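An overview of the molecular structure
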Amino acid sequence: MPTSKSPHCSKNDYLRWKNCQGRDFTINGLMFNPYSEKIYDYLGGIEDIKKAKVRTVIPAATSFHEDCARILRAIRIAARLGFSFPKETAYYVRNLACSVARLDKGRLLMEVNYMLAYGSAEASLRLLWRFGLLEHLLPFQAAYFSSTLFKRKDNGTNMLLVLFSKLDSFLAPNRPCHNSLWISILAFHEALVRKPRDPLVVATFALAVYLGGDLPLAVDIGQSINRQHDAGFAELLEPRMRGKKGLLAEVKDLAISMRQALTEMTDEYYVANAMAKIPQAPSSDLVFIPLQAYLKVLKLIERVQHGKKEIGYEPKSNGNIDYHNLANGTPAEVRNLFTLVVFDTIYPPNLEKEDDSSRR
């Protein structure tokens with residue numbers, strides 16, 4: 001590739017070409033002139049878009065050694081666009097996965113948040129697992145994939161992926177959520193992995209979250225639920241009858257378990273040992289969840305654990321999502337969407353339709 005200006009190349013053309021050489025991926029190297037409505041493509045970006053490929057501008061090994069954050073950006077772009085990697089790029093994404101641990105925690109949080117908070121979380125988790133990055137970033141979740149024998153290229157699903165698929169259905173690149181929401185979902189699911197629960201207990205817990213900790217009211221509403229749950233998840237037990245006191249106690253126990261999961265997810269010792277039972281698994285003590293987000297999620301859990309409604313808190317009275325408040329982490333919005341995601345996961349609307357049709 002020439003490094004000096006060709007005599008047949010205009011100054012503006014050369015400057016554009018030179019600028020493109022510093023881009024990470026060919027599809028990010030396109031330039032558009034809004035006045036002439038002309039697209040400049042010096043790197044083959046249009047062809048890669050047609051092929052749905054995320055390709056590095058320079059050789060992948062060199063590119064990722066120069067800046068290992070490009071590995072995470074590659075995953076993020078591929079997940080959001082539904083693209084794949086050429087063989088060379090895929091090889092070095094997988095083989096240099098451990099290098100992302102060198103990034104500072106703020107940068108890691110930013111990249112993971114881009115993956116999980118903007119409507120492509122399910123696809124991001126699949127790619128992180130497929131290319132061996134999940135073990136370094138979210139080892140508790142990697143341990144879950146491994147313990148359930150979820151293969152690297154598995155096209156199937158599990159409860160964690162369904163939870164984030166439901167979250168994705170509410171979000172988009174221009175409608176993100178606050179990081180406390182996806183952290184809540186991770187801790188909530190980890191609690192269910194450790195101790196599977198009756199779906200009614202899970203639903204009542206979600207209602208208590210929505211109501212700001214008003215556990216007595218959540219139990220009253222929960223006892224009236226008579227819906228078919230998704231029986232395909234090992235994290236959900238078969239429903240059984242119980243009184244108000246029993247339901248209240250089990251909801252509090254789930255809150256305690258979720259709190260423990262959250263605490264361990266933000267503790268280097270527990271993170272380092274998350275995959276200890278997995279043969280030949282890498283060990284990572286990387287904790288990038290910030291204290292502010294931890295405390296936000298902890299407050300959500302503690303309200304349910306203590307069974308008392310937060311003073312001055314009012315749950316949302318309608319189903320409309322205020323995306324500005326959601327992005328800023330307003331408690332009512334975070335709690336509302338958390339509850340919607342949980343309910344859509346354990347009581348999928350399609351199951352209700354199938355049940356109605358079978359009655360006919």
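Report follows, based on the coordinates. (Residues numbered from 1 in each chain as written. Predicted model: local features only at pLDDT ≥ 70, side-chain atom pairs only at ≥ 80, totals over all residues. Heavy atoms only, no water.)

1. With respect to the packing of aromatic side chains
- Scanning all chains against the criterion turns up 12 aromatic pairs.
- Between the aromatic rings of Tyr40 and Tyr42, the centroid separation amounts to 6.4 Å while the plane-to-plane angle is 5°, which identifies the pairing as stacked.
- Judged by its relative accessible area of 13%, Tyr40 falls in the buried class.
- Relative to Tyr270, the ring of Tyr269 has its centre 5.3 Å away and its plane inclined at 80°; by these criteria the two rings are edge-to-face.
- Of the residues examined, Tyr269 reaches a relative accessible area of 56% and is grouped as exposed.
- Through a chain of ring-to-ring contacts, the aromatic side chains of Trp129, Tyr144, Phe145 and Phe150 assemble into a single cluster.
- Here the guanidinium or amino end of Arg152 rests over the ring plane of Trp129, the centre of that ring lying 3.8 Å away.
- Of note, Arg335 hangs over the ring of Tyr313, and the distance from its end group to the ring centre comes to 4.6 Å. (Phe/Tyr/Trp six-rings, centres within 6.5 Å; stacked < 30°, edge-to-face > 60°. Buried < 20%, exposed > 50% of the residue type's maximum accessible area, 1.4 Å probe, protein only. Lys NZ or Arg CZ within 6 Å of the ring centre and 35° of its normal.)

2. Quick word on unusual backbone geometry
- Although it is not a glycine, Ala52 sits at a positive phi angle of roughly 55°.
- Here Ala52 shows up in the loop between helix 2 (45-50) and helix 3 (60-66).
- At Leu149, a residue that is not glycine, the phi angle is positive and equals roughly 60°.
- Residue position: Leu149 is located in the loop between helix 9 (139-147) and helix 10 (159-168).
- Under the relative-accessibility criterion, Leu149 is labelled exposed at 70%. (Helix = DSSP H or I, 4+ residues; strand = E, 2+ residues; numbered from the N terminus.)

3. Observations regarding the pattern of salt bridges
- Considering all chains together, one arrives at 22 salt bridges under this definition.
- Put simply, Arg73 and Asp67 hold a salt bridge, and the shortest N to O gap is 3.6 Å.
- Relative accessible area serves as the criterion here: at 23%, Asp67 is assigned to the partly exposed category.
- The shortest N-O distance in the salt bridge between Lys316 and Glu333 comes to 2.8 Å. Taken as a pair, Lys316 in the loop between helix 16 (291-306) and helix 17 (323-327) and Glu333 in helix 18 (residues 331-346) lie far apart in primary sequence, 17 residues in all. For the pair Lys316 and Glu333, a shared accessibility class is recorded, and that class is buried.
- Each of Asp198, Arg240, Arg242 and Glu250 takes part in a single network of salt bridges with overlapping partners. (Salt bridge = Lys/Arg side-chain N within 4 Å of Asp/Glu carboxyl O.)

4. Some remarks on the environment of Gln223
- Summarising the element assignment, Gln223 is placed in the loop between helix 13 (215-222) and helix 14 (244-265).
- Counting along the chain gives 22 residues from Gln223 to Val201, while the straight-line C-alpha distance between them is 9.5 Å.
- Those residues in contact with Gln223, other than ones at most four positions away along the chain, are Arg242, Gly243, Lys244 and Leu247. (Contact = heavy atoms within 4.5 Å.)

5. A look at a nonpolar patch on the surface
- The grouping of Phe32, Ile39 and Ile46 at the surface amounts to a nonpolar patch, some 290 Å² of accessible area in total.
- As for its position among the elements, Phe32 is in strand 1 (residues 31-33). (Patch = residues over 30% accessible without salt bridge, like charges linked within 9 Å, V, L, I, M, F, W, Y side chains within 5 Å. Areas by Shrake-Rupley, 256 points an atom, 1.4 Å probe, with all protein chains shown as cover.)

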